[in-house]
Amino acid sequence: MFSISCKRASELVHKKHNEGLTTTERWRLKIHTGMCSACKTFEKQTDQIEKIVKSRIQKQPSANLEDFKVDTLSKINK
Amino acid sequence: MPKAQIKEHASPESALTDWVNNYSDVLYAYAVKRVSDEGLAKDLVQETFMAAFQSYGRFEYRSKPKTWLTSILKNKIMDHFRQVYRRKETSIEGDFQMFNEDGTWKTENIPTPWEETHLLDNPEFIDVFDSCVEALPERWASSIRIKYLDSDIKLDDLGVSKANYWKMLERARTQLRNCLEVNWVKPNK
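Here is what the cut-offs are and how they apply
- Residues numbered from 1 in each chain as written.
- Chains lettered and ligands numbered in written order.
- Predicted model: local features only at pLDDT ≥ 70, side-chain atom pairs only at ≥ 80, totals over all residues.
- Heavy atoms only, no water.
- Helix = DSSP H or I, 4+ residues; strand = E, 2+ residues; numbered from the N terminus.
- Rg over C-alpha atoms; globule rule 2.2 N^0.38 Å.
- Disulfide = S-S within 2.5 Å.
- Buried < 20%, exposed > 50% of the residue type's maximum accessible area, 1.4 Å probe, protein only.
- Patch = residues over 30% accessible without salt bridge, like charges linked within 9 Å, V, L, I, M, F, W, Y side chains within 5 Å.
- Areas by Shrake-Rupley, 256 points an atom, 1.4 Å probe, with all protein chains shown as cover.
- Salt bridge = Lys/Arg side-chain N within 4 Å of Asp/Glu carboxyl O.
- Contact = heavy atoms within 4.5 Å.
- Buried area = accessible area lost by both parts, 1.4 Å probe.
- Polar contact = N/O pair within 3.5 Å; in protein donor to acceptor, adjacent residues only side chain to side chain.
- Core = buried A, V, L, I, M, F, W, Y, C linked by side-chain atoms within 4.5 Å.
- Phe/Tyr/Trp six-rings, centres within 6.5 Å; stacked < 30°, edge-to-face > 60°.

Our next topic: the overall build of chain A. Along chain A, the regular secondary structure elements total four helices and zero strands. For chain A, the α and β elements follow one another from N to C terminus as α-α-α-α. Taken over the C-alpha trace, chain A has a radius of gyration of 23 Å; the compact-globule value for 78 residues is 12 Å, which it surpasses by more than 25%. Referenced to the eigenvectors of the C-alpha coordinate spread, the extents of chain A come out at roughly 75 × 20 × 20 Å.

Written out as structure tokens, the structure reads:
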């Protein structure tokens, strides 16, 4: 009754990063990863990926826009 | 302290010259973070300036020019997201079949620990990671961008259901993890 499959555990790991888990789901996942090292690793790596994605997506891009400005102004002043 | 005076311009041309010179960088940064394609980001910013030029008469300097321009750009980016999500998913973007029928990991997919810690400090890893993000189908990459940059966007406005959006995030993560396994973890073992 308390045990979930690895497939279900991986779904819960994703759910954690999407809409979040309910208390029951959180416990189920915790119990499962307490016994299953593969899923524990999977959760850790997924958490890590999510963290890195966040920091990379929010990074400030840089570009040289001088040509762009000249081009845009020439179109406006046409 | 006196309120900063917003400069009014004699003509649309002089206003736009000022704005293009002052706001191109910030608008471009805003766009490229969301659409990932540099050429497209520039096109959207240019279209924004053209639209501002054409409707300059309606701008009454009640808001800051930057705010007004950003709102025009935002609409253009939303249009772009809508187009991306209207496209049908191809079969290649389907399930990854990580599990057996009984819900256990397929042998070749059993997660093994990554040795490296502090991955974010490793420039080689960051290169691999960024190229893995670039390789994602655009709709999945967009779903990540929306999550971290525009969580206030209403998914309904984009024609995407919540369930679908979560599925896309899940697939994006799964594909990123697979991409890192192939291009970073295995070559470094």
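That covers the picture; the talk isn't over yet.
Time to look at the state of the cysteines. Inspection of every chain in the model, using the stated rule, returns one disulfide over all chains. Covalent S-S linkage joins Cys132(B) and Cys179(B), the inter-sulfur distance amounting to 2.0 Å. Judged by the torsion about the S-S bond (-80 degrees), the Cys132(B)/Cys179(B) disulfide is left-handed. In this pair, Cys132(B) sits in helix α4 (residues 123-134) while Cys179(B) sits in helix α6 (residues 162-185), placing the two residues 47 residues apart along the sequence. Judged on exposure class, the residue Cys132(B) and its partner Cys179(B) are both buried. Cys36(A) carries a free sulfur, and the closest cysteine sulfur to it, the one in Cys39(A), is 3.6 Å from it. In this structure Cys36(A) comes out as buried when scored by relative accessible area, which is 16%. The thiol of Cys39(A) is not disulfide-bonded; the next cysteine sulfur, from Cys6(A), is found 3.6 Å away. The class of Cys39(A) is buried, set by a relative accessible area of 2%.

It is worth spelling out a nonpolar patch on the surface at this point. Residue and element names in this part refer to chain A. Judged by side-chain polarity, Trp27, Ile31 and Met35 come together as a nonpolar surface patch covering roughly 380 Å² of accessible area. For isoleucine 31, the location among the structural elements is in helix α2 (residues 23-35). Judged by its relative accessible area of 40%, isoleucine 31 falls in the partly exposed class.

Turning our attention to the interface of chain B and chain A. Opposite the 48 residues of chain B that make contact, chain A presents 37 residues. Between chain B and chain A, the buried area comes to about 4,100 Å², and carbon and sulfur atoms account for 69% of it. The largest per-residue losses of area from chain B upon contact with chain A belong to Gln46(B), Tyr148(B) and Arg173(B), which jointly make up 17% of the total buried on that side. At the boundary of chain B and chain A, one finds four salt bridges. With a closest N to O distance of 2.6 Å, Arg173(B) and Glu50(A) form a salt bridge. For the pair chain B and chain A, the interface holds 18 residue pairs in polar contact (both at pLDDT 80 or more). Looking at the side of chain B that touches chain A, the elements that each hand over two or more residues are α1 (12-35), α2 (38-54), α4, α5 (138-149) and α6 of chain B.

Counting residues in hydrophobic clusters, the biggest one holds 63 residues, and the most contacted among them are Trp19(B) and Phe49(B). Residue assignment for this core shows that the elements contributing at least two residues are α3 (37-57) and α4 (66-76) of chain A together with α1, α2, α3 (65-86), α4, α5 and α6 of chain B. Broken down by element, the residue count for this core peaks at 10 residues, all from α1(B). Setting aside residues no more than four positions away along its own chain, Phe49(B) makes contact with Phe68(A), Thr72(A), Ile76(A), Leu16(B), Trp19(B), Val20(B), Tyr23(B), Ser24(B), Leu27(B) and Leu69(B). Ile4(A), Leu29(A), Ala38(A) and Phe42(A) belong to the second-largest nonpolar core, a separate cluster that totals 14 residues.

What follows covers the pattern of salt bridges. All names here are of chain A. This model, assessed by the stated rule, comprises 17 salt bridges over all chains. Across the pair glutamate 25 and arginine 8 runs a salt bridge, and its minimum N-O distance is 3.8 Å. Residue glutamate 25 is found in helix α2, and its partner arginine 8 is found in helix α1 (residues 6-17); the two are separated by 17 residues along the sequence. Among the charged side chains, a salt-bridge network with shared partners connects Lys7, Arg8, Glu11, Lys15 and Glu25.

Let's shift gears to the packing of aromatic side chains. All names here are of chain B. Taken as a whole and assessed by the stated rule, the structure comprises 10 aromatic pairs over all chains. On the basis of an interplanar angle of 55 degrees and a centroid distance of 4.8 Å, the ring pair of phenylalanine 59 and tyrosine 61 is categorised as tilted. We note that phenylalanine 59, like tyrosine 61, is buried. On the numbers, 5.9 Å between centres and 35 degrees between planes, the contact of phenylalanine 125 with phenylalanine 129 is tilted.

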